[in-house]
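Below are the chains, spelled out letter by letter.
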Amino acid sequence: MGSAYPAIAADVMARYGKLQQAEVHYVTGMDEHGEKIAQTAADAEKTPQELVDGIAEEFQDLWELLDVQPDHFARTTPDKHKAYLDDDEMLEGHVCKIHQKECTLRSEENYFFRLSKYWDDLRKHLEENPDFILPSSRRSQVLVWLEEDNKRDFSISRASTSWGIPVPGDDSQVIYVWFDALLGYLSSLLRPEDPATLDTVLERGWPADVHVIGKDIMRFHTMYWPAMLMSAKLPLPKHICTHGFLTKDGMKMGKSLGNVVEPVPLVKEFGADAVRFFFGSCLSFGLDGDFSYETFIKRVNSSLANELGNLVHRILTLLRKNLPEPTSPTDLVESPSEFDDHPVRVAATKAPATVATCYEQVDIPKAVATALEIASVANVRMNEVEPWAKLKKTTSAEDKNLAIRELLVMAEGVRICAVLLSPVTPGLSANIFAEFGLEPEGQLSWERTKWSWDVPLGLTHSILDANSVLLLVRWTKAKAALSAHRFGTVAREMIFVACFWPVAQSCKAHDRYYCAVCAILVQVLAQLYWCYWAPLRPKLWLEFSRPNCLEKEVKRL
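Residues numbered from 1 in each chain as written. Predicted model: local features only at pLDDT ≥ 70, side-chain atom pairs only at ≥ 80, totals over all residues. Heavy atoms only, no water.

- In the nomenclature of an unreviewed UniProt entry, the protein is known as methionine--tRNA ligase of Durusdinium trenchii.
- Of the protein, the UniProt comment under Sequence similarities (unreviewed entry) reads exactly: "Belongs to the class-I aminoacyl-tRNA synthetase family." (UniProt positions renumbered as here; feature names shortened; annotations may be inferred.)

Set out below in C-alpha cells:
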C-alpha cells in the first residue's frame, strides 16, 4: 500500500489536469538496478532481469486494479529497501531510522558528482521559491542540510555489484541506482522514435510540474536531483511534493517491518473507488497517516455511501416516479432569479473554484470535502423540504411543483459534485453520470462544473435495462460490503433497491412498487452477483438474505 499511496495521489492530479484540458504526462515506475535487487534475485535463483520483469508485471496489474492510469511506466525508480546512509540518517549503533535495521559499514573507491559546486545555487533556489518543496514545512529541513558546514559531494557509482549500467570507460564500476533512477524522469518523456538528447526532453514537456515522492527520499530529490539538472543546464521541476508515511501502530508501513496492508485484497473486497477515496482524501497527504480498518470503513460509509449514495437514490426514486418528461426547474417558477439564493445552487457554484485551487495545491482532502459539501447541503435541504411528503396523491399541485423543482436543483448539485469527485472516484462518478444519462468520464471537462438548467434524461426514467443490474449493484457494493465487514451489521437495503429499480421500471402491474416476483428475482440476481462476480465472506451473503430486509416491502402488497 505504501507504493500505491503516492500512485493514487499522482493519478488524482493527472485526472484533474485532463479535466482542465491540460497536456498531461503521468510517469510512475520502479527500479531495475541496485545491489539489493541482485542479491534478492540470487536468493530466488533468478537472474536480476527475471526478478524485475516479474515485479514490473505485478505493479502494472495493481495500477489497473486501482484504476491508476500512468502515461508511462518507467522501470528506473529508486530502490527503497537499501541505500547508503549518512550519519544523520541513522540512529545510535548505525541503525536505519526508517527500517530499524543495522547498517553495514563499507569503504570503496567510487566516482563522485561535485554537489558542492551547486550548493549555493540550491540554497538560493529554495529561498526564492518557497513553494518548491511541498508542504513548506519540509523546506526548513532541506535548508539545514544545505548549511555550509554540511557541504559535500556524493558518490554516483558502485564497485560492489555488477547489476547496473557500467560507467563509461570503467567496467569495474556501475552507475549508482539513484543516479540512474533520477535520470529516468527525463528518459521517460522520450518516444521510441526520439533521439536521446536533452533538446528532445525539453520538446517533450520538461520540466515537470510536480514530483510526488516520499519524505524519506527528500535528500535525493531536493538536493541531488536539482543539482544534476543545474549541471545539465536544464530547468528544475516546479514543485517537489513530499508525502508522509503510511503507519500502523505509529511505525512506517513496510515489508521490512512486517506490518504492511496489502492493496490487492483491500481493493477486491471494497472496490477501487473506496480505496482511492480513503488514501486520496482521508489522509493529509503531507503528513503521516495511520491506517485501520475501522477508520477506513467509517469514512467510506459516511461520505460515499450515506452522504452521496443515499442522496442519489432518493433523488432518482422520487423524480422517476413523478417527472414524466424532462422539465427545467426554471419552467416551474415565475423567474429564474428565485433560485439565486438556493443553498444547493450557492454551494455548487462556489465549489469548483475552491476545489480547483485545492487540487492544484495537492490538497486532495480539502478538495473532496468541498465537493461533498454540496451533497451535505442537499441532504439538509432534502430533510427540510420533505419532497416525498409533498408528492403524495392527496397534496396540492403547488406542493408537487415545489417538490419537483427542489429535487431538480439537488440533482444538478449532485451532477457537479460527481464531476468534482471524478479525479478521486472515477468509477463512482461514471456510474452517477450513467444513471443520469450523461456522457462517460473520458468526455468530461472542467467546463461541466458550471451550473446548467438542462435536465438529464435519466431523471425522468431509468435509461438502464435489466442487463445493467450488476452495474448498479457494483455501484453500491462499497456500502453493502463496508456495512457488514467486521461489524456484522445488516447492509440496509441499498443492494436490494439497486437491483430492483431496473426490473420495477418494466413491471406495470404494481405501479413500480415491489411485488413478490420482483423480490424473488432481485434476491436471485444479487446472490449471483455476490457469489460469482464479487465473492466476499459467506457471512456477508447471510446478512443480505435475512428476511427483515424485505419485510417492509412485503407489507405494502
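### Some words on the overall build of the protein
Stage number 1. Looking only at helices and strands, the protein has 22 helices and 15 strands in total.
Stage number 2. Of the contacts formed within the protein by residues at least 6 apart in sequence, a portion of 72% connects residues at least 24 apart.
Stage number 3. About 26600 Å² of surface is accessible on the protein, with carbon and sulfur atoms providing 51% of the total. (Helix = DSSP H or I, 4+ residues; strand = E, 2+ residues; numbered from the N terminus. Contact = heavy atoms within 4.5 Å. Areas by Shrake-Rupley, 256 points an atom, 1.4 Å probe, with all protein chains shown as cover.)

### Digging into the environment of S452
Stage number 1. As for its placement among the helices and strands, S452 is situated in the loop between α16 (426-436) and α17 (469-475).
Stage number 2. Separated by 43 residues in sequence, S452 and V409 place their C-alpha atoms 9.6 Å apart.
Stage number 3. If sequence neighbours within four positions are ignored, S452 has contacts with E412 and R415.
Stage number 4. Separated by 3.1 Å, the side chain of S452 and the backbone nitrogen of D454 make a polar contact. (Polar contact = N/O pair within 3.5 Å; in protein donor to acceptor, adjacent residues only side chain to side chain.)

### A look at the sheet that holds strand β10 (residues 170-175)
Stage number 1. On the basis of which strands lie adjacent, the open sheet formed by three strands has the order β8-β10-β9 and antiparallel pairing. Of all the strands in the sheet, the pair left with one neighbour each is β8 (157-158) and β9 (166-167).
Stage number 2. Alignment of β9 against β10, held across two bridges, turns out to be antiparallel. Bridged to V167 within β10 is D170. (Pairing = 2+ DSSP bridges.)

### Looking at the nonpolar core
Stage number 1. Formed by 93 residues in total, the largest nonpolar core has its most connected members in L66, V275, F279, F296, L308 and I315.
Stage number 2. Other than its neighbours up to four places away in sequence, L308 contacts S303, L372, A375, V414, C417, L421, L428 and I432.
Stage number 3. Grouped together as the second largest cluster of nonpolar side chains are 41 residues, F179, Y224, A227 and I240 included. (Core = buried A, V, L, I, M, F, W, Y, C linked by side-chain atoms within 4.5 Å. Buried < 20%, exposed > 50% of the residue type's maximum accessible area, 1.4 Å probe, protein only.)

### Observations regarding the environment of R123
Stage number 1. Positionally, R123 belongs in helix α4 (residues 119-128).
Stage number 2. Among the residues examined, R123 registers a relative accessible area of 24% and is labelled partly exposed.
Stage number 3. R123 sits 24 residues away from E147 along the chain, and the two C-alpha atoms are 8.5 Å apart.
Stage number 4. Leaving out residues up to four positions away in the same chain, R123 has contacts with L143, L146 and E147.

### Remarks on the pattern of salt bridges
Stage number 1. Applying the stated criterion to the full structure yields 14 salt bridges.
Stage number 2. We note a salt bridge from R345 to D340, for which the minimum N-O separation is 3.4 Å.
Stage number 3. The exposure class assigned to R345 is buried, which follows from its relative accessible area of 19%.
Stage number 4. Taking the shortest distance from any N to any O, the salt bridge between K450 and E447 comes out at 2.9 Å. (Salt bridge = Lys/Arg side-chain N within 4 Å of Asp/Glu carboxyl O.)

### With respect to helix α13 (residues 364-385)
Stage number 1. In this model α13 runs 32 Å from its N-terminal to its C-terminal C-alpha over 22 residues, within 8% of the 32 Å that 1.5 Å per residue would give.
Stage number 2. The sharpest bend along α13 comes to roughly 25 degrees, located at L372. (Expected span 1.5 Å × (residues − 1). Bend = angle between axes of the 7 residues up to and from the residue.)

### Details of the sheet that holds strand β12 (residues 239-243)
Stage number 1. As summarised here, the arrangement of the three strands in space is β6-β12-β11, forming an open sheet in which the pairing is parallel. Looking at the sheet topology across the chains shown, the edges are occupied by β6 (133-134) and β11 (210-214).

### What to know about α16
Stage number 1. With respect to burial, α16 is a largely interior element, eight of its 11 residues being buried.
Stage number 2. Within the sequence span of α16, burial applies to P426, L428, S429, N431, I432, F433, E435 and F436.
Stage number 3. Remark: G437 follows α16 within two positions and exhibits a positive phi of approximately 80 degrees.

### Details of the pairing of β10
Stage number 1. In this structure, β8 lies alongside β10, joined through two bridges in antiparallel fashion. Pairing of S157 across the sheet is with I175, part of β10.
Stage number 2. Connecting β9 to the next strand, β10, in antiparallel fashion are two residues, including G169 with a positive phi near 85 degrees.

### Points about the packing of helix α15 (residues 397-421) against α16
Stage number 1. Running from N to C, α15 and α16 cross one another at 145 degrees; their axes reach a closest spacing of 9 Å. Considering only the axes of α15 and α16, their crossing is left-handed. Contacts from A411, V414, R415, A418, V419 and L421 in α15 reach S429, I432, F433 and F436 in α16.
Stage number 2. Within the contact of α15 with α16, the residues separate by chemical class into eight nonpolar, one polar and one charged. (Axes fitted to C-alpha atoms, helices over the stretch in contact; angles between N-to-C directions. Left-handed = near helix turned anticlockwise from the far one by under 90°. Nonpolar A, V, L, I, M, F, W, Y, C, P; charged D, E, K, R; others polar.)

### With respect to the pairing of β12
Stage number 1. The element β12 is largely enclosed, with a buried count of five among its five residues.
Stage number 2. Burial along β12 is two-sided: the residues H239, C241 and H243 and I240 and T242 are all buried.
Stage number 3. By the bridge criterion, two bridges tie β6 to β12 in an arrangement that is parallel. Its bridge partner being in β12, L134 is matched across the sheet by C241.
Stage number 4. Relative to β12, β11 runs parallel, the two sharing five bridges. Bridged to H211 within β12 is I240.

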